[in-house]
Amino acid sequence: MSAEHLPERAEVLRLAQLSVSFRTATGLVSAAQEVTLSVARGECLGVVGASGAGKSVSFLALLGLLPPNAYVQGSAQFCGAELLGAAARALDRLRGASIGMVFQDPMTSLTPHLTIGKQIAEVVVRHRGVSWAAGRARGEALLTRVHVTDPGRRMGQYPHELSGGMRQRAMIAIALACEPQLLIADEPTTSLDVTIQAQILALLAELKREQGMAMVLITHDLGAVAGVADRVAVMRGGRVIETGPVGVVLKRPRDPYTRALVDCAPQLAPERAPMPDTALAGSEPPLRAVALSLTDVSVEFPVGARWFGRAARLSALRQVSLELAAGESLGVVGESGSGKSTLVRATLQLLRPTTGRVVWMGAALGELPAGELRALRKDLQIIFQDPLGSLDPRLTVGEIVAEPLLVQAPQLTATARAAETAAVLERVGLPARLTGRYPHELSGGECQRVGIARAMILKPRLLVCDEPVSALDTPTQQQIVSLLADLKRESGLSLLFVSHNLALVQRLCERVLVLYLGRMMELGPASQLYAQPLHPYTRELLGAVPIPDPELQPARLSRVLAGEPPSPLNPPSGCAYRTRCPHAIPVCREKVPAWEAVDGARRVACHRWREL
Amino acid sequence: MLRYALRRIGGLIPTLFVIVTLSFCVVRLAPGGPFDQEQTLTPLVRANLDRLYGLDQPLSVQYGHYLRGLLHGDFGPSLSQRDFTVSELIAQGLPVSVVIGLCAILLALLIGIPAGIAAATWRNQGADHGLTVFAALAVALPSFVTGPLFALVFALTLHWLPVAGWEPGAPRYLVLPVLTLALPVAAHLARLTRVSLLEVLRSPWIRSARARGLGGARVLWRHALRPALLPAVSYLGPALAYVVTGSLVVETVFGLPGTGRYLVQGAIDRDYPLVMGMIIVYGALLLIFNLVADLLYGWLDPRVRHE
Amino acid sequence: MSEAAVPGGLWRRAGRQLAGNTATRLALTVLILIALVALLGPLWSPWRFDQLDWQHLAVPPGRLAAHWLGTDRLGRDLYVRTLYGVRVSLLISVLASLVSLVIGVTWGAVAGFAGGRTDEWMMRFVDVLYSLPYLFIVIILTTLFQRGSIVVLLLAIGAVGWLTTARIVRGETLALKRREFIEAARALGLSNSSIVVRHIVPNLLGPVAVYATLTIPQMIIFEGFLSFLGLGVQEPHASLGNLINVGAQEMQSAPWMLLTPATFLVVLLICLNVLGDALRDALDPHER
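Residues numbered from 1 in each chain as written. Chains lettered and ligands numbered in written order. Predicted model: local features only at pLDDT ≥ 70, side-chain atom pairs only at ≥ 80, totals over all residues. Heavy atoms only, no water.

### Topic: the overall build of chain C
Here comes step 1: On a plain count of helices and strands, chain C comes out with ten helices and zero strands.
Here comes step 2: For chain C, with 288 residues in total, the buried portion stands at 56%.
Here comes step 3: For chain C, restricting intrachain contacts to residue pairs at least 6 apart in sequence, the fraction spanning at least 24 positions comes to 68%.
Here comes step 4: By element, 66% of the accessible surface of chain C is carried by carbon and sulfur atoms, the whole surface being about 12,400 Å². (Helix = DSSP H or I, 4+ residues; strand = E, 2+ residues; numbered from the N terminus. Buried < 20%, exposed > 50% of the residue type's maximum accessible area, 1.4 Å probe, protein only. Contact = heavy atoms within 4.5 Å. Areas by Shrake-Rupley, 256 points an atom, 1.4 Å probe, with all protein chains shown as cover.)

### Concerning the overall build of chain A
Here comes step 1: Regarding its fold elements, chain A presents 23 helices and 22 strands.
Here comes step 2: For chain A, the spread of C-alpha atoms along the principal axes amounts to about 75 × 65 × 55 Å.
Here comes step 3: Going through the 612 residues of chain A one by one, you find that 57% of them count as buried.
Here comes step 4: Sequence separation of 24 or more characterises 69% of the internal contacts of chain A that already satisfy a separation of 6 or more.
Here comes step 5: When the accessible surface of chain A is split by element, carbon and sulfur atoms take 53% of a total near 24,200 Å².
Here comes step 6: Chain A carries 65 positive and 57 negative side-chain charges, and their two centres are separated by 3 Å. (Lys, Arg positive; Asp, Glu negative; His and termini not counted. Charge placed at Lys NZ, Arg CZ, Asp CG, Glu CD.)

### Considering the packing of aromatic side chains
Here comes step 1: For the structure on display, the rule yields ten aromatic pairs over all chains.
Here comes step 2: On the numbers, 4.6 Å between centres and 55° between planes, the contact of A:Tyr516 with A:Tyr537 is tilted. Here A:Tyr537 lies in helix α21 (residues 536–544) and A:Tyr516 lies in strand β19 (residues 511–516), a separation of 21 residues in the sequence. Pair check on accessibility: A:Tyr516 and A:Tyr537 agree, each one buried.
Here comes step 3: Through pairs of rings, three or more aromatic residues link up here, namely A:Tyr516, A:Tyr537 and A:Tyr577.
Here comes step 4: The cationic tip of B:Arg226 hangs over the ring face of B:Trp299; the distance from NZ or CZ to the ring centre is 4.6 Å. (Phe/Tyr/Trp six-rings, centres within 6.5 Å; stacked < 30°, edge-to-face > 60°. Lys NZ or Arg CZ within 6 Å of the ring centre and 35° of its normal.)

### So, the interface of chain A and chain C
Here comes step 1: Contact with chain A, which involves 29 residues of that partner, is made by 29 residues of chain C.
Here comes step 2: Carbon and sulfur atoms supply 53% of the area buried between chain A and chain C, which totals about 2,700 Å² over both sides.
Here comes step 3: Put simply, chain A and chain C have three salt bridges between them.
Here comes step 4: The salt bridge involving A:Arg345 is made with C:Glu183; its shortest N-O contact spans 2.6 Å.
Here comes step 5: Mapped by element, the contributors of at least two residues to the side of chain A that touches chain C are β16 (380–383) and α15 (397–408) of chain A.
Here comes step 6: No other element matches the five residues that α15(A) contributes to the side of chain A that touches chain C.
Here comes step 7: Looking at side-chain class alone, the side of chain A that touches chain C contains twelve nonpolar, seven polar and ten charged residues. (Buried area = accessible area lost by both parts, 1.4 Å probe. Salt bridge = Lys/Arg side-chain N within 4 Å of Asp/Glu carboxyl O. Nonpolar A, V, L, I, M, F, W, Y, C, P; charged D, E, K, R; others polar.)

### Quick look at the pattern of salt bridges
Here comes step 1: Counted by the stated rule, this structure contains 34 salt bridges over all chains.
Here comes step 2: The shortest N-O distance in the salt bridge between A:Glu510 and A:Lys488 comes to 3.2 Å. Separated by 22 residues along the polypeptide, A:Glu510 in the loop between α19 (502–508) and β19 and A:Lys488 in helix α18 (residues 474–491) bring together distant segments of the chain. With respect to burial, A:Glu510 and A:Lys488 carry one shared label: buried.
Here comes step 3: Notably, a salt bridge pairs B:Asp128 with B:Arg194, separated by 2.7 Å at the nearest N-O pair. Placement of B:Asp128 in helix α6 (residues 126–140) and of B:Arg194 in helix α8 (residues 172–201) is noted, with a sequence separation of 66 residues between them.
Here comes step 4: Looking at B:Asp128, the relative accessible area reads 1%, which means it is buried.
Here comes step 5: Residues participating in the shared-partner salt-bridge network are A:Arg345, A:Asp466, C:Glu180 and C:Glu183.

### Notes on the packing of helix α17 (residues 444–456) of chain A against α18(A)
Residue and element names in this part refer to chain A.
Here comes step 1: Orientation of α17 relative to α18, taken along the N-to-C sense of each, is 15°, at an axis distance of 10 Å. Taken together, the axis directions place α17 and α18 in an arrangement best described as roughly parallel. Of the two elements, α17 crosses α18, and the hand of that crossing is right-handed. Each of Gly-445, Gln-448, Arg-449, Ile-452 and Met-456 in α17 lies in contact with α18, whose residues at this interface are Thr-476, Gln-479, Ile-480, Leu-483, Leu-484, Leu-487 and Ser-491. (Axes fitted to C-alpha atoms, helices over the stretch in contact; angles between N-to-C directions. Parallel < 35°, antiparallel > 145°, perpendicular 65-115°, else oblique. Left-handed = near helix turned anticlockwise from the far one by under 90°.)

### Brief notes about the sheet that holds strand β8 (residues 214–219) of chain A
Paired through backbone hydrogen bonds, the strands of a sheet run either parallel or antiparallel to each other.
Residues and elements named next belong to chain A.
Here comes step 1: Across the sheet, which stays open at both edges, the six strands sit in the order β6-β7-β8-β3-β9-β10 with mixed pairing between neighbours. Looking along the sheet, the strands with just one partner apiece sit at the ends: β6 (99–102) and β10 (239–245). The mean angle between the axes of side-by-side strands here comes to 15°, regardless of whether they run parallel or antiparallel.
Here comes step 2: Examined bridge by bridge, strand β3 (residues 44–48) and β8 share five bridges and lie parallel to one another. Among the inter-strand pairings, Cys-44 is bridged to a residue of β8, identified as Met-215. (Pairing = 2+ DSSP bridges.)

### What about the domain arrangement of chain A?
Here comes step 1: As assigned here, chain A comprises domain 1 (1–98 + 181–194 + 201–265), domain 2 (108–179) and domain 3 (289–524).
Here comes step 2: Placing a centre on the C-alpha atoms of domain 2 of chain A and another on those of domain 3 of chain A gives a separation of 41 Å. (Domains from an automatic or database assignment.)

### Here's the deal with the sheet that holds strand β14 (residues 355–360) of chain A
Here comes step 1: One open sheet holds the four strands; their spatial order is β12-β11-β14-β15 (chain A), and the pairing between them is antiparallel. The sheet is open, and its two edges are formed by β12 (312–325) and β15 (363–364) of chain A, each paired on a single side.

### Overview of the confidence of the model for chain A
All names here are of chain A.
Here comes step 1: Taken residue by residue, chain A gives an average pLDDT of 87. The fraction at 70 or more is 94%.
Here comes step 2: Ignoring residues within four places in sequence, the model shows residues 1–7, a span with pLDDT below 50, making eight contacts including any to other chains.
Here comes step 3: Across residues 271–284, where pLDDT falls below 50, the model places ten contacts with residues more than four positions away in sequence or in other chains. (pLDDT = per-residue confidence, 0-100.)

### Concerning helix α9 (residues 204–211) of chain B
Each α-helix turn comprises 3.6 residues. Residues three or four places apart therefore point the same way.
Here comes step 1: For α9(B), the full list of buried residues reads B:Trp205, B:Ile206, B:Ser208, B:Ala209 and B:Ala211.
Here comes step 2: One or two positions beyond α9(B), positive phi appears at B:Gly213, with a value near 75°.

### Thoughts on the pairing of strand β9 (residues 231–236) of chain A
All names here are of chain A.
Here comes step 1: Examined bridge by bridge, β3 and β9 share four bridges and lie parallel to one another. If you follow Gly-46 over to β9, its bridge partner there is Val-232.
Here comes step 2: Once β9 ends, the chain turns through two residues before running back antiparallel as β10, passing Gly-237 with a positive phi of about 55°.

### Concerning the pairing of β10(A)
Here comes step 1: Alignment of β9(A) against β10(A), held across six bridges, turns out to be antiparallel. The residue bridging A:Arg231 from the neighbouring strand is A:Pro245, located in β10(A).

### A few points about the packing of helix α7 (residues 143–157) of chain B against helix α10 (residues 256–283) of chain C
Here comes step 1: Contact pair α7(B) / α10(C): the axes reach a minimum separation of 11 Å and the direction vectors enclose 140°. Classified by the angle their axes make, α7(B) and α10(C) are oblique. In the packing of α7(B) onto α10(C), the handedness of the crossing is left-handed. Of the residues in α10(C), those in contact with B:Phe144, B:Val145, B:Pro148, B:Leu149 and B:Leu152 of α7(B) are C:Leu258, C:Leu259, C:Ala262, C:Leu265 and C:Val266.
Here comes step 2: Looking at the contact of α7(B) with α10(C), its residues break down into ten nonpolar, no polar and no charged.

### Here's the deal with the interface of chain C and chain B
Here comes step 1: Of the residues lining the interface, 36 residues belong to chain C; the matching set on chain B comes to 38 residues.
Here comes step 2: Of the roughly 3,300 Å² buried between chain C and chain B on both sides combined, carbon and sulfur atoms contribute 87%.
Here comes step 3: The interface formed by chain C and chain B holds one salt bridge in total.
Here comes step 4: In this structure, the salt-bridge partner of B:Arg191 is C:Asp277, at a minimum N-O distance of 3.2 Å.
Here comes step 5: The interface formed by chain C and chain B holds one residue pair in polar contact (both at pLDDT 80 or more) in total.
Here comes step 6: The set of elements that each furnish at least two residues to the side of chain C that touches chain B consists of α4 (116–131), α5 (134–144), α8 (192–228), α9 (240–249) and α10 of chain C.
Here comes step 7: Per-element tally for the side of chain C that touches chain B: the top contributor is α10(C), with nine residues.
Here comes step 8: In terms of residue class, the side of chain C that touches chain B is built from 28 nonpolar, six polar and two charged. (Polar contact = N/O pair within 3.5 Å; in protein donor to acceptor, adjacent residues only side chain to side chain.)

### Quick notes on the environment of B:Ser97
Residue and element names in this part refer to chain B.
Here comes step 1: With respect to the helices, strands and loops of the structure, Ser-97 is situated in helix α5 (residues 86–121).
Here comes step 2: The spacing of Ser-97 and Val-250 is 153 residues in sequence and 9.9 Å in space, taken between C-alpha atoms.
Here comes step 3: Beyond its immediate stretch of four places on either side in the chain, Ser-97 contacts Glu-251, Gly-258, Thr-259, Gly-260 and Tyr-282.
Here comes step 4: Engagement of the side chain of Ser-97 in a polar contact is seen with the backbone nitrogen of Thr-259, the distance being 3.0 Å.

### Topic: unusual backbone geometry
All names here are of chain A.
Here comes step 1: Even without being glycine, His-147 reaches a positive phi, approximately 60°.
Here comes step 2: Relative to the helices and strands, His-147 is located in the loop between α5 (132–145) and α6 (151–155).
Here comes step 3: Among the residues examined, His-147 registers a relative accessible area of 42% and is labelled partly exposed.
Here comes step 4: Located in the positive-phi region is Glu-187, a residue other than glycine, with phi close to 45°.

What follows is the structure, encoded as C-alpha cells:
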C-alpha cells in the first residue's frame, strides 16, 4: 500500500481504545488507558503531557517496541491494517520503511560501534533490497536533506564523533530513509540545547511541509507543539484528556489541567509588562552596595594530558568581570559549553580560577587561608543541577539539612539543630514526615527542596543556583522558581542564577549575563535585554526559545539560524561568535570586540551593535 | 586504529623492563643462596662456584650482566640442572605448556561465549537456569580439585582416557588437562557474556534498531553482540593468568613435561636464572596476550581508540 | 521504578533483601554450621589431627565407628584432619583478605581522592604489578622465605590480593568525587579530611563489603593452591589444600582421602560465592 493511493487527508494512523499495562512484581500497573487518536496525511499531531503520562508508551506499543512484560489491548490501525498482534515479520516490514521513529537521546539511540553511514545504508538495503553502494548514496543524499554539513565525511564517522544536533539529524535521516508515511518523534529535542532544539524543530516543520507525511510529535514542551503541530492531544495519567486544533487547545483550553499546563509553560514576554516576580525588586533598582565582584576571571583546563609533551589547554572561561549588589539577582545564560557552570564554581572557589580575582564583601576569596574561606562559606551557598546526585545517598533528609549547622555552628545543641532543621524544611514546603527518609525515596522536586533547605539553613547572603530546575518537570520547575523568588524577597539575599532557560531567568532575575564559549557577550537589565537585545547571539538565543503560541511560533521557527558552537578547544579568532553570526564582517575575524558600555547599565561585546 | 595499536605496543617495552628489574630484586633480596643445601661443599669449592656463576660480584654488576645477556636472548645457565642452560630448559617445556594453555583458552571461548549468548537469548528458560547453576559451580571449583576428580572419574573409573603422561601428537593426553583449565574460564565467560548481552539488549539503541525494522537476528548480531562482548574481552587477560597459574597444578596432576615444575622446583633450589627466565617468559606472554585483548577491545568499541 | 518503593537506608535494605532470599539463607546456614563444626568438632573427638592409629591404616569412611570418615595412610583420623584443615583455610583466607583490604582500601582511596599526578603514579605502579604473573611472585616469596610459615603465606597472599581492591576502591572514590554531593559538602565549608570521613568512606563501605566477601573464597583457593603445590601449609599440619594434594596422590587406592576434603572445600566455596553475589546484588549502587 503506497502513499499515492491514499486520498488527501486520509487517516494514516488510528488508535482506538488502546490500553497498556505492565506486569510487575507488585501487580499490573496501568500506563495508558483507552487512548483514542488519529493522524492524517500531511498532518502533525502533538502529544503533550508530563513524564509518565503515557505518551511514549502508547506509540511504542503500536510499534511492538515495549518490553515483554507489557500487556496491550485495543486497536492501532496503520493505513487500515491492524498493528496490534501483527506478526513480527509484518511489523519489521513496516518499521523503518512506512513508519519512521526518532528517539529522545541521539547519543544512546544510535548504535555506538557502527558508523552513521552504515546505519543509514543498512535501513535502505534492508527495506528496499538495493545494493550497499546504492544504500550509501541514498544515505548521503538524506544527510544533505536534513542539512548535515559535510555529509560525505559524516558517513564515515561514529555517533560519538558528532555533536548532539548532528546526531539527532542523523537519526531523523535514518527515520526518513524509506520515505515513511508516518514519522513518530519521541521527545526529539529534550536532551539538546535551546538553539539546537529550535533547529531540529524547524527541520521537522520543514519536513512536514515538504514531504507531506503524517507526523506525531511527542513532547512535554508546549512551545515545540505550538511551532510544529496542527492538532494537539493532551495526556495525563495514561488518558487523553483533551484533543483539538493547536490554536484552540493552547489558546482556549477546556480542561483545567491543560489550562494549568499552558499557564506554567515558560513564556517569553519581551513586549509585555514585566512579570510580577521581576517587578518585586522594582524596575529602577536603588543604589546598593556591591557584594560580589569578579575581575578578569579566567579558567583553563588542561585536556588530553600525556606523560610527556604539553597538554592542550581548554579555555572554559575567559576574562569575565561582573558585579552583584546585595539583594540583587543576576541570571547567566548560554548554551552548554558556554562556561556557565565554570563561572559558578570559580565564583565559589570550588574551582580555582587560573587568573583573576573574586571579591566577596571586600575579601578576595582566592587569597584567603583555607580555614577562613571555609568559615566564609556560611554566606555563600549553592544549589545544584542534579537534585538526587547532590544529596549523599547514605544520609537521611534530616541529616543532610542539619549538616551545615554541624560544620558552621558546632556550638548548637542537638535540640536547637533539630528545631532549625524543622523550621527550614517547613519553609521550603517539605512535610516533617520526610525528615527520616533517604533521598532515593523522594521525587526530583522534593530532592531539590532538600537541596534548597540545606543551602538556606545557614541564612546565606549569596545563593548560587546552577541549573537548579533543568532536571525537573515543567510544573515542578515553576514551583521551585516561585520558592526561590519568595526566599529572595524574604531574606534579601543576592542570587546568581544560571540556566539555559531564558524564560525562567526572565522571571527571576533583574540583570542577565549572556555567555558564549566562556566569553561575555552581553550584560544588562533583564527588561531591556529581552525587549531589545544588542548582541546577535542574544537575539539568536531569544529567537530559539519555544513559546507556546501557535500564532507566533511557526514564524519564529522559520527564522531559526543554522550553525553549532565550535569546539572550545579551537575557538574562532576575533569574535568567538562570528562563525555563526549572520552579520559577521572581516573585522570580526581579526579583532576581539571590546566590552563596551551602553547607556550606563548595559554592556555588549560586538563590533556592529550600533548598526544592527 | 593503527595509531592506537602502535601506542599500545610502544608501552610494552618499559613494562617489560620493570618486570625484569622487579623480579630480579625480589629473587635476590630473599635470604639463602643456590648452594646452601649442599652441605658437603667446602668453603673453597663454594667460593669457586660463586665465582663461576658471577654470584660473588656486586648485585648491580650482576644485574648489568643479566640485562646484557637478555638482549641476546640468553637467560644464563641453570644452577640446579647444571648441564642445561635456562633457554634449553624453557625451549623443552614451553611448547607443551603453550599448547595446553592456548587450547584451554580457545575451548573456553568456544563454549563460554555461545553459551552466554544462548542463555541471554532464552532468558529465564530451562537452559538459562541450567547454565546459571552450572556456571556458579564451575567458577567455584579450583583446578586442584577438578583435576584429580576428572582423573578419578574419566581415567581411573571409566577408563576413557589416560590418567597421566604425554605423547607428542596424541590428543587423548590433552583432553583432561585442557578440560580442567578451560572449565572455570568458560563458565566465567558465559556469565559475563550473558549479563552484558542482557544489558545491551535493554539499551536505547537496540530499541531504535528494532524500530528501523531490522529484524531479530540482525539486531542481535550486528547491533548488540559487539558491545556485549566487551566484558568478556577484558576478562581475557585475567583468564590467561588463571590458565598459566592453573597449568602449574595441571602439569603436576597429569604428569606433563611443561615448564610449571621448573618454577616451583627452581624457587625451592634457589636457581636464580631459571626462576628469572620463567618470570620473564611468562610475563612477556601475559603482556602480549593483554595487548591482543586491548586491541580487540579497541576494535569492538570505537570510543576507546580516541582517548 | 521499584527503587522509590523500598524504604530505609542502604544497609537495612540490603539486609532485608538478603534475608528474603532462600539460597542466601541456606548458604549462610551451611557456612555457619561448617565454621562451628570446624571450631568445636575436634574437641569431641578422641583423636588429635597428627595422632597416628597404627591399627587402622587407610580405613574407608563408614567402616569404623571410631573413624567415621576414615583414616589416611598413617592412620590419622580424616574427620579431625579435615576439620582442622577447614579451620586453617578459613583463618588464613580471612586474615589474608583483611591484609589485602587494609592495603587496597588505603591505596585506592588515597589515589582516587588525591587525583592528578599522585593518582597517576600510584595506579601505574598497580598496573605494573598487575601485569606481573603475580602468582609466581607469591611462589617465590613463600619458597625463598620460610617455607610453610603461615605468617609468610598470609602476607604473601594478602600482598597480592590488594591490587584488585585498590583498583575498585580508586574507581569508586573517583566516581564519588565527581558526584555533586561532594561538591555540596565542600560548598558547606567541610575540610578535605571531613569530606573523606563523612561522605567518601561511608559510601565506599558497600562496594568494599561486597569485594571482601568475594575475596575470601579466592583466598581459600589461593591457599589451597599453594598448599597443593607443597608450598603452603606443611605436613603434619593440615589445610584443605595439602589434604587434597595427598588425596590426589592416593586417589587410586583410597579415593575418600581426596573426596572428603574436596567436598568440604567445594561446599565452602559455593556458600561464600552465593553470599558474595547476593551481597553484591543487594548493595551494588550501579544496580539501582
